[in-house]
Amino acid sequence: MRVHTRSDLESLGAVGLAAIYPSRLKVSVGMATCGLAAGAEAVYRTLHDEALAYGLDMTLVSTGCLGYCQVEPLVDVRMPGRGRVLYARVTPERARELIAALATGELPAEGALATIPEEGLPPLEGLPSLEELPFYAKQHKVILRNSGWIAPTKLEEYVAQGGYGGLARALELPPQAVVDEVTRSGLRGRGGGGFPTGRKWQTCRDAPGAPRYIICNGDEGDPGAYMDRTVLESDPYSVIEGMVIGGYAVGAHEGYVYVRDEYPLAVERVTQAVSRAEEVGLLGKNILGSGFDFAVRVVRGAGAFVCGEETALIASIEGGMGEPRPKPPYPALQGLWGCPTVINNVKTWASVSAILAHGADWYQAIGVEGNTGTVVFSLVGKVANTGLVEVPLGITLHEMIYEIGGGGRDGKAVKAVQTGGPSGGCLPARLFHLPIDYETLTEAGSIMGSGGMVVMDEDTCMVDVARYFLRFTMDESCGKCTPCREGTRHMYRILTRIVEGQGTPEDIVLLEQIATWVKGAALCGLGQTAPNPVLSTLRYFRDEYEAHVRERRCPAGVCRALIQLVIRSELCIGCGICKRECPVGAISGQNKKPHVIDPSLCTRCRLCHDACPEGAIEIVR
Amino acid sequence: MPLIPQPLPLAGGVLLDKLHAINAEYGYLPEPALRAAAEELGVPLSQIYSTASFYASFSFEPRGRHTIRVCQGTACYIRGGDRILEKLITMLGVEPGGTDDDRLFTLETVYCVGSCSMAPVVRIDGDTYGRLKAEHLPRILRKYRSLESVGEEEQGQ
């Protein structure tokens, strides 16, 4: 069918509603990349085969990500008349048992994480509801509103959830009013820069020259961040709808979604969504009978971090090397092929479609003054609950890490949190009272960034972390400007000296100088922010640097040149696992007798330490 | 009018699409295919080379049948991804970027496949393996080795 009018949308939504809430048993499996990495594919197959074997009248669907990655694979079972339960850490064996129970009309208690409240479905005794779980209690979903709840490429289901209501409303307003609405919402760029989205659109709208372009930046390269991947995999229409709204507002008729090559499933899903939207006329000519035309093309990146920088991304779409160019002129004035271009992040576009659907006032009421709305973080690293978390701006780091994240892993103390990827910094635990907003994080020496939040505990060496990021930026520097190309290399060399126990106190001073110079002199955002991991760790964890250069000691027990591995004979049971795991044959010992490590052969890779079932291998710092 | 006629700019993303298509067909970018692409798209071979050599996804050398990408993203790194890499280097006897002797595996590192909550992570072709421990690796690689004879596949852990 073609969708020409609001009532066509309503009929499409009715079809979707029936698919989301069928009258028969429905089982949904979260199958975004995280779920798949946890084994969701095998679970899905088992559910399918077993349901067939039992002759169960059941709908089995693959959905996107619910965000609680720690307990993946997640299976959502909805039994009309009985209830709706979310099962966690489902294995193929558990899936088999689940189907056996469902076949008798039971919702088993084993493995149940929570009930999913739904009107008309009774709550279940003894199970918390999903929003009562500490992981979800403080979350507020705007960008991830549909993620995990709908079949990602089923347009009907997106429409049933209110999708395309924002575009329908936008097309009834004059374009300038759409820009004004976005301006009034207070939305700021969710890629990390935090530039007011409405102002960017206004600049582009007022810019001379044609044609104009819309770009969605899905080149999410920050290591430790996967918010954009999840949105593209779990709810691609929310992004495409936002882009059409943006096109209408600024007078563009062509848009590009640039997705990084490392995200094959995101490329696939967004490509499918674009074709489907074209098929029904929600992309193409005369969208919703408004006379407005808009086309979208998906471009797959090719493995270059710098392409996340907007001018480099534009060069990449144009078919060249992904090298940045100086700004100004900003892309809003001279972007793709020199034409006025609005380039926004995936999450910004997904926010736009929600803002137009619910209005600027609704959006403005979320978050705090100057920092309105919600932001998505990937909470990962040494934290008990890992996953994607969407919160209103202004909540504190403490709420994020301890209340939502559940604190450190295995009872270890959290030492720091890293935000903003290689452009960001490490903040110490004593600053966890700070609210999460663009200005506060910048003042503290980090940045909001696109949403990576990596928690670090007492076993993480901050010098090693700084070196890790400098290695990253050195590798990913495009080489065009000297401060970045050479500066990152020098900083990496100095940091390597320090972690290898060859550093001097003067090295720390030199490191700080070079970091300051690169920050001031590099051409693009990548280079200007590359020193942040160094500067922030020097600011908050200088004692760790000092321990490395003055005492030749790594307090976290990470840096290989500064540690020894020793088997504690009183704990060793002689199982031989360490001997088998050692890549260099440094461990010897007889079966059931305490083993020993030959320090002259040992490379201190700690594989034995990780593998030992008895915790008998000690790291001597 | 410029004195030397300039080639018309390609539509957005066309060159990258073409390179991806060649890469999907051959597993790398063979020179004859690039020459043919230059002809077909009407762009100089030098531009194609400059673009292709810039991006990590493309290689001018043939690769192994399976590509192992060890994630070195931040979450993977602090949860032991470097040690997973080390184990693979010893197991395969090649450094990152290298292909083993029987041309079965190419070992690569990647900065983040975006499955950080499952860290440490390894991606082999299209399959992502999360919550990995070094001791899982022999079993996983065996699967791909036996795949060559059996032709059957299993995913997840």
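Residues numbered from 1 in each chain as written. Chains lettered and ligands numbered in written order. Predicted model: local features only at pLDDT ≥ 70, side-chain atom pairs only at ≥ 80, totals over all residues. Heavy atoms only, no water.

Draft legend 1. Inspection of the interface of chain A and chain B at higher detail. Every contact between the two is made by 73 residues of chain A and, on the other side, 49 residues of chain B. Overall, the association of chain A and chain B removes approximately 4700 Å² of surface from exposure, summing both partners, and the carbon and sulfur fraction of that is 52%. Its salt-bridge partner being A:E581, residue B:K87 comes within 3.1 Å of it at the nearest N-O pair. With eight residues, the single largest contributor to the side of chain A that touches chain B is helix α18 (residues 462-476) of chain A. (Contact = heavy atoms within 4.5 Å. Buried area = accessible area lost by both parts, 1.4 Å probe. Salt bridge = Lys/Arg side-chain N within 4 Å of Asp/Glu carboxyl O. Helix = DSSP H or I, 4+ residues; strand = E, 2+ residues; numbered from the N terminus.)

Draft legend 2. Highlighting the environment of A:N286. Residues and elements named next belong to chain A. For N286, the position within the fold is in the loop between α12 (264-280) and β8 (295-300). Separated by 95 residues in the primary sequence, N286 and G381 place their C-alpha atoms 47 Å from one another. Residues within four places of N286 in sequence aside, it is in contact with G291, F292 and D293.

Draft legend 3. View of the sheet that holds strand β6 (residues 213-218) of chain A. Spatially, four strands are ordered β8-β7-β6-β9 (chain A) in an open sheet, and the strand pairing comes out parallel. Lying at the two open borders of the sheet, with one neighbouring strand each, are β8 and β9 (341-345) of chain A. The mean inter-strand angle of the sheet, taken between neighbouring strand axes irrespective of direction, is 20°. Bridge count for strand β7 (residues 254-259) of chain A against β8(A) is six bridges, and the pairing is parallel. Bridging from a neighbouring strand, A:G255 pairs with A:V296 of β8(A). Strand contacts of helix α1 (residues 14-26) of chain B: β7 and β8 of chain A, with the helix running at about 45° to β8(A), the strand carrying the most contacts. (Pairing = 2+ DSSP bridges. Axes fitted to C-alpha atoms, helices over the stretch in contact; angles between N-to-C directions.)

Draft legend 4. Seen up close, helix α9 (residues 197-206) of chain A. All names here are of chain A. Turning to α9, its buried residues number three or more, namely T197, G198, K200, W201 and C204. Buried residues of α9 fall within an arc of 160° about the axis and therefore sit on the same side. Exposed side of α9, more than 90 degrees from the buried face: R199 and D206 are the residues found there. Packed against the buried residues of α9 are α8 (175-185), α11 (236-250), α13 (310-317), β9 and α14 (346-358). (Buried < 20%, exposed > 50% of the residue type's maximum accessible area, 1.4 Å probe, protein only. Arc of directions from axis to C-beta.)

Draft legend 5. Structural detail: the pairing of strand β2 (residues 105-110) of chain B. All names here are of chain B. The buried count for β2 comes to five of six residues, which makes it a mostly enclosed element. As defined by bridge partners, strand β1 (residues 66-71) adjoins β2 across six bridges and the pair is classed as parallel. Paired with C71 across the two strands is V110, which belongs to β2.

By themselves, these figures tell us nothing about what the structure is for.
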